[in-house]
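Single-letter residue listing:
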Amino acid sequence: MATVKLDYVAPWWTYWLHSFPHFNFYFQSVDNTFKPEATSYQQSLILLACVGVVGLGLSLLVLAVYLVCLCCCHRDMDEDTKRPRTCCVTWAAVITGLIICSAVGVGFYGNSETNDGMYQMTYSLHNANHTLESINNLVAGSMNSFETGLKLHLERLDEIFATKPEYLQALRFMQLMINNVIRELTALPDINKTNIDLAAAADQTAFIEYYRWLTYLLLLILDLVICLAMCLAVARHSRWLLITIMGFVILSLILSWISVGVDTASAMGLSDFCVSPDKFIVNQTKDFLSADVAHYYLFCSPSLLNPFQQSLTTCQRSLTTMQIQIQGLLQFAVRLFPTSERDLLGIQRLLNSTEFSLHQLTALLDCRGLHKDYVDALMGVCYDGVEGLLYLSLFSLLTACALSAMLCVIFRVWTLMGSREKEYDDIDEEDPFNPQARRISYNPRRSNTHSFCSYTTSLGSQASLNPPPQSASSVTSPPEYMNQSMLFGGAPRYENVPLIGRGSPPPSYSPSMRTTYLTMTNAQIRHFGTDFQV
């Protein structure tokens, strides 16, 4: 059968990250070989993670400088100057929101890629763990059957064949073959220790990855909620909403910069591993695996021989020899010793089951299965995993910068809201052009006000201008400007309509109107009241 070899080639971004210099706490260059147990290498990753802390400090410093400048340089502006600045603030908020939304899209993709890569790695580790566990069970089962079952049958056959030295010699030869099989099975690597390490690594990775994925998902949702709430706060000019958003923005800003440092350090460490994973695994397994065994499974090259082939061949030959011996004893010894048939058949069944287990063990010890799991794990970590971490670093960096800009926008919106409220407070409530004053002075339930513009010198004509009152249930009182229209022959005279209720500038008066108003007598004042007295 032709062997299928799966080649692993590290992606270019791992080489790019691996080429970055590594420094310890004393800013001395250290080796970039992946050595997580080395103190100098740990310091280089911690120093790289501190980039997020430096970015957070710079962001807070820029925000503090901007806030000081905003407070010191604040001055009153007229309406024409203030309108374009308000527009700029609006556009700044919109652009900031778009950047955050784009960064959230990048973050969702990176989070999904990282999760897929880690899932593929844990799945491959569990497959490799299952293979090693099966090897361990087969080896343990074979050794147990040889050490207990076969020895028990041989002891009874010794007693039965005590009078036949030739049969005893056959039993001694079988005992020698059994010892050879046990010795060869014992020469296999310590599968128990490997099994425990892989299972623990897979479970711990899955546990960490789940909470990492959940944390980033909540952070992405928080950024989207901040964008929506920011749009609502700018539209409604709500101070309490701005204060709430400011608190969440600061929280998200801190988390984003922490994410930048953690993701960058993780991507750097994984890249150092992905560039030369074979060297690290050989060093980690040298206590219980020889170098030739590790290279056989790591590279699975056709030129490399199976290190267990000799042991498996010896076991197979020993089992075949014992099968031949049992067949001869069943053919000749059972006639003389009928009681030996039960033990001989028991030995034959044990040899058949052991031979079947040996065939399974030969297939499992072949490098192709474990090498495939090894390559799949590397593909998941070094391709999807590192790529996803790079996207998450980009998301965190864009979000941190955009959130810093959003805080500046919030500070500016706050000052504009304060300036607008101050201008409203400076308006005179008695000003007739103040909308609030007009709302207070206007009472729709007042009776129609008599216009001084419709006055003539004859009291009779005034009486004719005021028709007898009608029932409110039958006729609705006409609007004020209609009353003025009727006074002037039915033609609308909007110039003479009183200011109250129109919401327009004061009317202009002709000289005759002003003369008529100034020549009002006491009787006329008693008739119209004091509505138009100066």
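For every chain, the first residue of its written sequence is number 1, and the numbers climb from 1 along that sequence. Given that the model is predicted, a residue must reach a pLDDT of at least 70 before its local features are reported, and side-chain atom pairs must reach 80 or more before they are shown or counted; all residues, however, enter totals for whole chains, interfaces and linings. Working from all heavy atoms in the structure, the side-chain values ignore hydrogens and water.

## Some remarks on the pattern of salt bridges
Definition used for salt bridges: Asp or Glu carboxyl oxygen within 4 Å of a side-chain nitrogen of Lys or Arg. Enumeration over the complete set of coordinates arrives at five salt bridges. For arginine 156, the salt bridge goes to aspartate 343, with nearest N and O atoms at 2.8 Å. Taken as a pair, arginine 156 in helix α3 (residues 79–160) and aspartate 343 in helix α10 (residues 340–364) lie far apart in primary sequence, 187 residues in all. Residue burial is assigned from relative accessible area. The probe radius is 1.4 Å, only protein chains are included, and a residue is buried under 20% of its type maximum, exposed over 50%, and partly exposed in between. Overall, arginine 156 belongs to the partly exposed group, its relative accessible area being 33%. With a closest N to O distance of 3.0 Å, lysine 372 and aspartate 376 form a salt bridge. Of this pair, lysine 372 and aspartate 376 both sit in helix α11 (residues 367–425), four residues apart, which is roughly one turn of the helix. Overall, lysine 372 belongs to the partly exposed group, its relative accessible area being 42%. Elements are defined by DSSP. Helices are runs of H or I of four residues or more, strands are runs of E of two residues or more, and each kind is numbered from the N terminus.

## A word on the packing of aromatic side chains
Here a pair means two rings of Phe, Tyr or Trp (six-membered ring of Trp) with centres within 6.5 Å. Their orientation is stacked below 30 degrees between planes, edge-to-face above 60, and tilted elsewhere. Counted by the stated rule, this structure contains 16 aromatic pairs. Their ring planes at 80 degrees and their centres at 5.1 Å tell us that tyrosine 210 and tyrosine 211 sit as a pair that is edge-to-face. Residue class for tyrosine 211 comes out partly exposed when judged on its relative accessible area of 45%. An aromatic cluster is defined as three or more aromatic residues linked by ring pairs; in this entry it consists of Phe34, Tyr41, Phe273 and Phe280.

## Quick notes on the state of the cysteines
In what follows, a disulfide is any cysteine sulfur pair within 2.5 Å. Within this structure, the stated rule accounts for two disulfides. The partner cysteine of cysteine 274 in its disulfide is cysteine 382, sulfur to sulfur 1.8 Å. Taking the torsion about the S-S bond as the criterion, the cysteine 274 to cysteine 382 disulfide, at about -90 degrees, is left-handed. Of this pair, cysteine 274 sits in helix α6 (residues 239–275) while cysteine 382 sits in helix α11, and the two are 108 residues apart along the sequence. No difference in accessibility class separates cysteine 274 from cysteine 382, as the two residues are buried. With a sulfur-sulfur separation of 2.1 Å, cysteine 300 is cross-linked through a disulfide to cysteine 367. Across the S-S bond of cysteine 300 and cysteine 367 the torsion is about 60 degrees, and the bridge reads as right-handed. Here cysteine 300 is found in the loop between α8 (291–299) and α9 (309–336), whereas its partner cysteine 367 is found in helix α11, with 67 residues between them in sequence. Comparing cysteine 300 with cysteine 367, the two get one shared label, buried.

## Remarks on the nonpolar core
Residues Phe146, Phe161, Ile245, Met322 and Leu361 are the most contacted members of the largest nonpolar core, which totals 108 residues. Among the elements that make up this core, the one with the highest residue count is α11 (22 residues). The contact definition used throughout considers only heavy atoms, calling two residues in contact when any of these lie within 4.5 Å. Once residues lying within four places of it in the same chain are set aside, the contact partners of phenylalanine 146 are Lys151, Ile178, Val181, Ile182, Leu319, Met322, Leu351 and Thr354. Definition of nonpolar core: a set of buried residues of the types Ala, Val, Leu, Ile, Met, Phe, Trp, Tyr and Cys, connected through side-chain atoms within 4.5 Å.

## Looking at α9
Over its 28 residues, α9 runs 40 Å from end to end, which matches the ideal 40 Å to within 8%, given 1.5 Å per residue. Two axes enter the definition of the bend at a residue: one is fitted to the seven residues ending there, the other to the seven starting there, and the bend is the angle between them. At leucine 330, α9 shows its largest kink, close to 40 degrees. Looking only at α9, the buried set comprises Ser311, Leu312, Cys315, Ser318, Leu319, Met322, Gln323, Ile326, Leu329, Ala333 and Val334. In this analysis, the expected span of each helix is defined as 1.5 Å times one less than the number of residues it contains.

## Things to note about the confidence of the model for the protein chain
Per-residue confidence from the predictor is reported as pLDDT, which spans 0 to 100. For the protein chain, mean pLDDT is 79; residues scoring 70 or higher make up 73% of the total. Counting interchain partners and residues more than four positions distant, the pLDDT-below-50 stretch residues 1–5 has nine contacts. Within the model, the stretch residues 421–428 combines pLDDT values under 50 with six contacts to residues more than four positions away or in other chains.

## Topic: the packing of helix α7 (residues 277–284) against α8
A pair of packed helices is characterised by two quantities: the angle between their axes and the separation of those axes. At a minimum axis separation of 10 Å, α7 and α8 run at an interaxial angle of 145 degrees. The handedness of the crossing between α7 and α8 comes out as right-handed. Between α7, through Asp278, Ile281 and Val282, and α8, the contact on the second element is made entirely by Ala294, His295, Leu298 and Phe299. In this analysis, axes come from line fits to C-alpha atoms, helices being fitted only over the stretch in contact, and the angle between any two N-to-C directions falls in the range 0 to 180 degrees. Helix crossings are classified by the rotation of the near helix relative to the far one: an anticlockwise turn of less than a right angle makes the crossing left-handed, while a clockwise turn makes it right-handed.

## Observations regarding empty space enclosed by the protein
To locate leftover empty space, one rolls a probe as large as a water molecule over the atoms. The distinction between a cavity and a pocket rests on a 1 Å grid over the protein atoms alone: a 1.4 Å probe fits inside a cavity but cannot get out, while a pocket stays open yet meets protein on both sides within 12 Å along at least five of seven lines, and a residue with an atom within 4 Å of a point counts as lining. Grid points are joined across faces, edges and corners, and a volume is the space filled by probe spheres set on the points. Counted under the stated rule, the structure contains one cavity of 30 Å³ or more. Taken together, Ser142, Val181, Leu185, Cys315, Leu319, Thr354, Leu358 and Leu361 form the lining of the largest cavity. Elements supplying a minimum of two residues to the lining of the largest cavity: α4 (165–186), α9 and α10. Per-element tally for the lining of the largest cavity: the top contributor is α10, with three residues. We call Asp, Glu, Lys and Arg charged. Ala, Val, Leu, Ile, Met, Phe, Trp, Tyr, Cys and Pro are nonpolar, and the rest, Gly among them, are polar. When its residues are assigned to classes, the lining of the largest cavity shows six nonpolar, two polar and no charged.

## Let's talk about the packing of α4 against α9
Between α4 and α9, whose axes approach to 9 Å, the crossing angle comes to 155 degrees. Classified by the angle between their axes, α4 and α9 sit roughly antiparallel to one another. Judged by the sense of rotation from one axis to the other, the crossing of α4 with α9 is left-handed. In this structure, α4 uses Tyr167, Ala170, Leu171, Phe173, Met174, Met177, Ile178, Asn180, Val181, Glu184 and Leu185 to contact α9, whose residues at the interface are Ser311, Thr314, Cys315, Ser318, Thr321, Met322, Gln325, Ile326, Leu329, Phe332, Ala333 and Leu336. In terms of residue class, the contact of α4 with α9 is built from 16 nonpolar, six polar and one charged. Working definition: roughly parallel below 35 degrees, roughly antiparallel above 145 degrees, roughly perpendicular at 65 to 115 degrees, and oblique for all remaining angles.

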